[in-house]
Amino acid sequence: MRRKKLLLSIILLALCFFIAITLLVFIPLKLAIVFQPFHSYAKLAYIPLKGESEFQIKYTHSIHLTDVVESYKITTSQQIQQYELMYEDFSIGMPSNAEVGETFEQQNGKYYIKNMKRVFPYFYLRIGQVRANHRVIFQSNEYPLSRTLKPGTSVKVEVRKITFFQQWKGVNILESL
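Summary of the structure given here. (Residues numbered from 1 in each chain as written. Predicted model: local features only at pLDDT ≥ 70, side-chain atom pairs only at ≥ 80, totals over all residues. Heavy atoms only, no water.)

1. What about the pairing of strand E8 (residues 122-126)?
So, point 1. Going residue by residue along E8, you find Phe 123 and Leu 125 tucked away on one face and Tyr 122, Tyr 124 and Arg 126 left uncovered on the opposite face.
So, point 2. In terms of strand pairing, E8 meets strand E11 (residues 154-162) through five bridges, oriented antiparallel. Paired with Leu 125 across the bridge in E11 is Val 155. (Buried < 20%, exposed > 50% of the residue type's maximum accessible area, 1.4 Å probe, protein only. Helix = DSSP H or I, 4+ residues; strand = E, 2+ residues; numbered from the N terminus. Pairing = 2+ DSSP bridges.)

2. Notes on the sheet that holds E8
So, point 1. Taken together, the five strands give an open sheet; going across it, the order is E8-E11-E1-E2-E12, and neighbouring strands pair in mixed fashion. This sheet does not close on itself; its edge strands, each paired only once, are E8 and strand E12 (171-172).
So, point 2. Strand direction decides the pairing type here: strand E1 (residues 30-37) and E11, joined by eight bridges, are antiparallel. By the bridge assignment for E11, Leu 31 is matched with Lys 161.

3. Some details on a nonpolar patch on the surface
So, point 1. Residues Leu 12, Leu 15, Phe 18 and Ile 19 make up a contiguous nonpolar surface patch of about 410 Å² in total accessible area.
So, point 2. One can find Leu 12 in helix H1 (residues 2-26).
So, point 3. Among the residues examined, Leu 12 registers a relative accessible area of 52% and is labelled exposed. (Patch = residues over 30% accessible without salt bridge, like charges linked within 9 Å, V, L, I, M, F, W, Y side chains within 5 Å. Areas by Shrake-Rupley, 256 points an atom, 1.4 Å probe, with all protein chains shown as cover. Salt bridge = Lys/Arg side-chain N within 4 Å of Asp/Glu carboxyl O.)

4. Quick notes on the nonpolar core
Side chains that are nonpolar tend, in soluble globular proteins, to be buried together.
So, point 1. Counting residues in each nonpolar core, the largest one holds 31 residues, and the members touching the most others are Ile 33, Phe 35, Phe 55, Ile 57 and Val 136.
So, point 2. Listed in part, the five residues of the second largest apolar core include Ala 32, Val 34, Leu 44 and Ile 162. (Core = buried A, V, L, I, M, F, W, Y, C linked by side-chain atoms within 4.5 Å.)

5. Re the pattern of salt bridges
So, point 1. The tally for this structure, following the rule as stated, stands at seven salt bridges.
So, point 2. Ionic pairing is found between Lys 58 and Glu 142, a salt bridge with its closest N-O pair at 3.1 Å. Of this pair, Lys 58 sits in strand E3 (residues 54-60) while Glu 142 sits in strand E10 (residues 141-144), placing them 84 residues apart in sequence.
So, point 3. The shortest N-O distance in the salt bridge between Arg 135 and Glu 142 comes to 3.2 Å.
So, point 4. For Arg 135, a relative accessible area of 7% gives the class buried.
So, point 5. Assessed through its relative accessible area of 34%, Glu 142 is described here as partly exposed.

6. Describing the side chain of Thr 153
So, point 1. With respect to the helices and strands, the residue Thr 153 is situated in the loop between E10 and E11.
So, point 2. Judged by its relative accessible area of 10%, Thr 153 falls in the buried class.
So, point 3. A distance of 2.6 Å separates a polar atom in the side chain of Thr 153 from the backbone oxygen of Lys 150.
So, point 4. Every residue in contact with Thr 153, bar those within four places of it in the chain, is listed here: Pro 37, Leu 125, Arg 126 and Ile 127. (Polar contact = N/O pair within 3.5 Å; in protein donor to acceptor, adjacent residues only side chain to side chain. Contact = heavy atoms within 4.5 Å.)

7. Quick word on the sheet that holds strand E6 (residues 103-107)
So, point 1. Reading across the sheet, the seven strands line up as E6-E7-E5-E4-E3-E9-E10 and stay open at both edges, with antiparallel pairing between neighbours. Each edge of the sheet is formed by a strand with only one pairing partner; in this case those strands are E6 and E10. In this sheet, adjacent strand axes meet at a mean angle of 25 degrees when their direction is disregarded.
So, point 2. Both E6 and strand E7 (residues 110-120) contribute to a ladder of five bridges, which runs antiparallel. By the bridge assignment for E7, Thr 103 is matched with Lys 114. (Axes fitted to C-alpha atoms, helices over the stretch in contact; angles between N-to-C directions.)

Written as structure tokens, this is what we have:
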């Protein structure tokens, strides 16, 4: 009888341990900026967040071949707010003025639209194949997205919690340099 109780206790303890480990692996705990490819077989890329709230996307415009920098911050509701746009040329595809409530400035040959309050739950980005050379700027460091995501890939960019399993299977962009 004691042996059966001991065996049952060991099985129950092992089952509880297995359930606890499974929950820890699959419950989203880590807040990150996630670059989720549309193709389910492609690995997600992410930037783990530890209180940081700003990042930028920098790319070379395909027509006028100058840099464009889109600046974002993460809101308290984990949405993405674009607060600034910097570009060097008024050519096709670039705004010629600010929207209502925004400011337009020219400094050192560059154009800025500031005070933007464009809030998104997510946005889509296609990683450039030829000239764009998309980079994410985080904590003053530039990370080429083509090192972690195949050029031409469409990604959904969002802020969300990811699981330990997703971290393990995905690619930490900060480790790509």
